[in-house]
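Here is what each chain is made of, one letter per residue.
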Amino acid sequence: MHGRGHLLREPPYQLERALKTLGENLRTARLRRNLTIAEVAAKLGVHRHVVASAEAGKPATSVAVYAGLLWVMDLVDQLAEVGAPHKDVEGEALAKTHERTRARTVARLDDDF
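Residues numbered from 1 in each chain as written. Predicted model: local features only at pLDDT ≥ 70, side-chain atom pairs only at ≥ 80, totals over all residues. Heavy atoms only, no water.

**Quick look at the environment of Thr-36**
(1) Moving on: Inspection of the secondary structure puts Thr-36 in the loop between helix 2 (13-32) and helix 3 (37-44).
(2) Moving on: Considering only alpha carbons, one finds Thr-36 and Arg-48, 12 residues apart in sequence, at a separation of 9.3 Å. (Helix = DSSP H or I, 4+ residues; strand = E, 2+ residues; numbered from the N terminus.)

Structure follows, in structure tokens:
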């Protein structure tokens, strides 16, 4: 069996902080809706410890669990901006630096032997 990867053992600070914040926000949303961890877990079909792990922001928790919790809270549209593609300005700039400015022409072989 493989051991836990570096990302799960020691995630980058920004990722760790983002997951903790997401977990805290999911817990707040659950409490505002007067739902117990057991009720949410039953709706998702997972054990209550899985929901508790997500609310704690554990990086080993599946992204499907986080998405499922957003769905249960009717917040799934916050997973991605629905209808508006994400603008990756930095990625587009990097791609432009690698674009070819001129295509090389390839000489075609003559079929006459």
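Having seen it, we continue.
**Notes on the pattern of salt bridges**
In a structure, side chains of opposite charge can pair up when their charged atoms sit close to one another.
(1) Moving on: According to the stated counting rule, one finds 2 salt bridges in the structure shown.
(2) Moving on: Note that Arg-17 and Glu-24 form a salt bridge whose closest N and O atoms lie 3.7 Å from each other.
(3) Moving on: Among the residues examined, Arg-17 registers a relative accessible area of 34% and is labelled partly exposed.
(4) Moving on: Residue Arg-30 pairs with Glu-55 through a salt bridge whose shortest N-O separation is 2.6 Å. Separated by 25 residues along the polypeptide, Arg-30 in helix 2 and Glu-55 in helix 4 (residues 48-55) bring together distant segments of the chain. (Salt bridge = Lys/Arg side-chain N within 4 Å of Asp/Glu carboxyl O. Buried < 20%, exposed > 50% of the residue type's maximum accessible area, 1.4 Å probe, protein only.)

**What to know about the side chain of Arg-30**
(1) Moving on: Judged by its relative accessible area of 5%, Arg-30 is buried.
(2) Moving on: From its side chain, Arg-30 meets the backbone oxygen of Leu-35 in a polar contact 2.9 Å long.
(3) Moving on: A distance of 2.6 Å separates the side chain of Arg-30 from the side chain of Glu-55, its partner in a polar contact. (Polar contact = N/O pair within 3.5 Å; in protein donor to acceptor, adjacent residues only side chain to side chain.)

**Notes on the layout of surface pockets**
(1) Moving on: Approximately 280 Å³ is the volume found for the largest pocket.
(2) Moving on: Taken together, 17 residues make up the lining of the largest pocket; nearest its centre are Leu-19, Leu-22, Leu-26, Tyr-66 and Leu-70.
(3) Moving on: Sorting the residues of the lining of the largest pocket by element identifies helix 1 (6-9), helix 2 and helix 5 (63-72) as the ones contributing at least two each.
(4) Moving on: The element best represented in the lining of the largest pocket is helix 2, accounting for 6 residues.
(5) Moving on: Of the residues in the lining of the largest pocket, the class split is 14 nonpolar, 3 polar and no charged. (1 Å grid on protein atoms, 1.4 Å probe; cavity = no way out; pocket = protein on both sides within 12 Å on 5 of 7 lines; lining within 4 Å. Points joined across faces, edges and corners; volume = space filled by probe spheres on them. Nonpolar A, V, L, I, M, F, W, Y, C, P; charged D, E, K, R; others polar.)

**Here's the deal with the packing of aromatic side chains**
(1) Moving on: For the structure on display, the rule yields 0 aromatic pairs.
(2) Moving on: Above the plane of the ring of Trp-71 lies Lys-43, whose end atom (NZ or CZ) is 5.3 Å from the centre. (Phe/Tyr/Trp six-rings, centres within 6.5 Å; stacked < 30°, edge-to-face > 60°. Lys NZ or Arg CZ within 6 Å of the ring centre and 35° of its normal.)

**Brief notes about the packing of helix 3 against helix 4**
(1) Moving on: At their nearest, the axes of helix 3 and helix 4 sit 8 Å apart, and the two run at 110° to each other. Here helix 3 lies roughly perpendicular to helix 4, going by the angle between them. Contacts between helix 3 and helix 4 involve Ile-37, Val-40 and Ala-41 on the former and, on the latter, Arg-48, Val-51, Ala-52 and Glu-55.
(2) Moving on: Of the residues assigned to the contact of helix 3 with helix 4, the class counts are 5 nonpolar, no polar and 2 charged. (Axes fitted to C-alpha atoms, helices over the stretch in contact; angles between N-to-C directions. Parallel < 35°, antiparallel > 145°, perpendicular 65-115°, else oblique. Contact = heavy atoms within 4.5 Å.)

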